[in-house]
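This is what each chain is made of:
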Amino acid sequence: MSLPAPYGRTVAALAAAGIAAWPSSASAYCVTETCVSSECTAEEIGQKKPECVTSYYRCDPIETCPSTCEWGQTCPLAPSDKPCTHPPEAKWTCSTIRWNRTCMGYALHDVGSRYFDFDTIRRTVDEAFATWASVECPGGGKPGFAVQYMGDVSCGDVEYNVRAGNANVFTFRDDRWPRAPQQIALTTQIFNTRDGEIYNADVEMNTACYQLNPAIALDPGSGGEDDGCASGSQLRHDFLAVVTHEMGHFLGLSHTAQGGATMVTSFGADETVFRSIEQDDINGICALFPPAEVDPVACNPIPRHGFSPECGAEQVTGCSVGGAPRGGGGGAGWLVGLSGAAIAAAARGGRRRGRA
């Protein structure tokens, strides 16, 4: 999918052992920054030239901007000579990739999965979002966001439409995984490269390669040898733990190197403990969504350009759909940008529970 200026894309993946990318020296929650150069024109920024636009992980309390990263590259450390100030004081102006709204929605691909019934999928996603929304922030109060279920949609594509309706879709890839085979799940965000505002987030679950329902054995499906899976993979993972991690990416968090946190790149042997979140995760979500009262019923989660259960190619260009989706009402929001991250499932090791 090609995106017009000034959009960008980030992908955050939960991956099997052997693939990980995170700032190893970090000691706190991480987010992704999008940075633009004050020495470039709007057209050059829109073209995402490497010398004009870049992105990198910022881990609290790092407050510097990169100057040497390629577009889309994850940089472990930012140079200390580029403070994040606005032009003309600095070459780079950096913005955190985050939602600029407090109410988002999500939809489920109506194809579902052969491994889960629809009610189980919805309950699991809702439980994961509730885990992030119900924490007590430092100083008091709950994170200032709400998420609504929009219903089921016919479009399971990862896409963002600028001239038609959208949806934040949660989908399963039962038969073939089109991404890196080590990825257990993948969250793709679309965001504005200039100010970091997230417009859209889609979540894909790799049920072609990994067993996420312990009660149902993995079925090779119709993909055959071309299912996109790696040989010798660790096949079984905890569904709720994986979804909770991906919902952290959906809300804007990147991977952290803080041991024991749910947003680490590597799970321990007992994955069920990652169904809950730790203090580092809490600090991160409260930084992205400062405590505030948000009514999940009264807030407006309709995505940019309207909501539609259909893919962009099936819609009338220039006419967004705002009616209630099949399976329920509500709305959604999107991110314009792209960032990369992976979480690995460790062969051994557990999680030391901390105080939240």
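Up top is the structure.
Being a predicted model, the structure only gives us computed values, none of them experimental.

What counts, and at which threshold
Residues numbered from 1 in each chain as written. Predicted model: local features only at pLDDT ≥ 70, side-chain atom pairs only at ≥ 80, totals over all residues. Heavy atoms only, no water. Helix = DSSP H or I, 4+ residues; strand = E, 2+ residues; numbered from the N terminus. Buried < 20%, exposed > 50% of the residue type's maximum accessible area, 1.4 Å probe, protein only. Contact = heavy atoms within 4.5 Å. Areas by Shrake-Rupley, 256 points an atom, 1.4 Å probe, with all protein chains shown as cover. Axes fitted to C-alpha atoms, helices over the stretch in contact; angles between N-to-C directions. Parallel < 35°, antiparallel > 145°, perpendicular 65-115°, else oblique. Left-handed = near helix turned anticlockwise from the far one by under 90°. Nonpolar A, V, L, I, M, F, W, Y, C, P; charged D, E, K, R; others polar. Pairing = 2+ DSSP bridges. Disulfide = S-S within 2.5 Å. Salt bridge = Lys/Arg side-chain N within 4 Å of Asp/Glu carboxyl O.

Caption draft 1: The arrangement of the overall build of the chain in detail. Summing up its helical and strand segments, the chain has four helices and 11 strands in all. Out of the 356 residues in the chain, the part that is buried amounts to 55%. A separation of at least 24 residues holds for 78% of the contacts in the chain among residues at least 6 apart in sequence. Approximately 14,400 Å² of the chain is accessible, and the part contributed by carbon and sulfur atoms is 49%.

Caption draft 2: Examining the packing of helix H2 (residues 118–133) against helix H3 (residues 239–251) more closely. Contact geometry for H2 and H3: axes closest at 9 Å, N-to-C directions at 55°. When the axis of H2 is compared with that of H3, the two are oblique. As for how H2 packs across H3, the hand of that crossing is right-handed. Where H2 abuts H3, its residues Thr124, Val125, Glu127, Ala128, Phe129 and Trp132 lie against Phe239, Leu240, Val243, Thr244, Met247, Gly248, Phe250 and Leu251. When grouped by side-chain class, the residues that make up the contact of H2 with H3 number 10 nonpolar, three polar and one charged.

Caption draft 3: Geometry of the sheet that holds strand E2 (residues 30–37). With antiparallel pairing, three strands are arranged side by side in an open sheet as E3-E2-E4. Every interior strand has two partners, whereas the edge strands, strand E3 (53–59) and strand E4 (92–96), have only one. On average, each strand axis in the sheet is inclined to that of its neighbour by 30°, with strand direction left out of account.

Caption draft 4: Seen up close, the state of the cysteines. Evaluated as defined, the whole model comprises six disulfides. The disulfide partner of Cys30 is Cys59, and the S-S distance across this bridge is 1.9 Å. Residues Cys30 and Cys59 share a disulfide whose torsion about the S-S bond is about 100°; that sign makes it right-handed. Remark: Cys59 occurs in strand E3 and Cys30 occurs in strand E2; sequence separation between them is 29 residues. For the pair Cys30 and Cys59, a shared accessibility class is recorded, and that class is buried. The disulfide partner of Cys155 is Cys311, and the gap between their sulfur atoms is 2.0 Å. Between Cys155 and Cys311, the S-S dihedral sits near 100°, and the bridge is therefore right-handed. Taken as a pair, Cys155 in the loop between strand E6 (146–153) and strand E7 (169–172) and Cys311 in the loop between helix H4 (279–288) and strand E11 (337–345) lie far apart in primary sequence, 156 residues in all. Comparing Cys155 with Cys311, the two get one shared label, buried.

Caption draft 5: Examining the pattern of salt bridges more closely. Going through the model one piece at a time under the given rule, you end up with eight salt bridges. Between Lys142 and Glu136 there is a salt bridge, and its shortest N-O distance comes to 3.4 Å. Put simply, Glu204 and Arg173 hold a salt bridge, and the shortest N to O gap is 3.0 Å. Residue Glu204 is located in strand E9 (residues 198–205), and its partner Arg173 is located in the loop between E7 and strand E8 (183–192); the two are separated by 31 residues in the primary sequence. Residue Glu204 shares its accessibility class with Arg173, and that shared class is buried. Three or more residues are tied together by salt bridges with common partners; here these are Arg114, Asp175 and Asp219.

Caption draft 6: Looking closely at unusual backbone geometry. Non-glycine residue Lys48 carries a positive phi angle of around 55°. By the element assignment, Lys48 lies in the loop between helix H1 (42–46) and E3. By relative accessible area, which is 18% here, Lys48 ends up buried. For His305, which is not glycine, the phi dihedral falls at a positive 70°. The topology assignment puts His305 in the loop between H4 and E11. Of the residues examined, His305 reaches a relative accessible area of 28% and is grouped as partly exposed.

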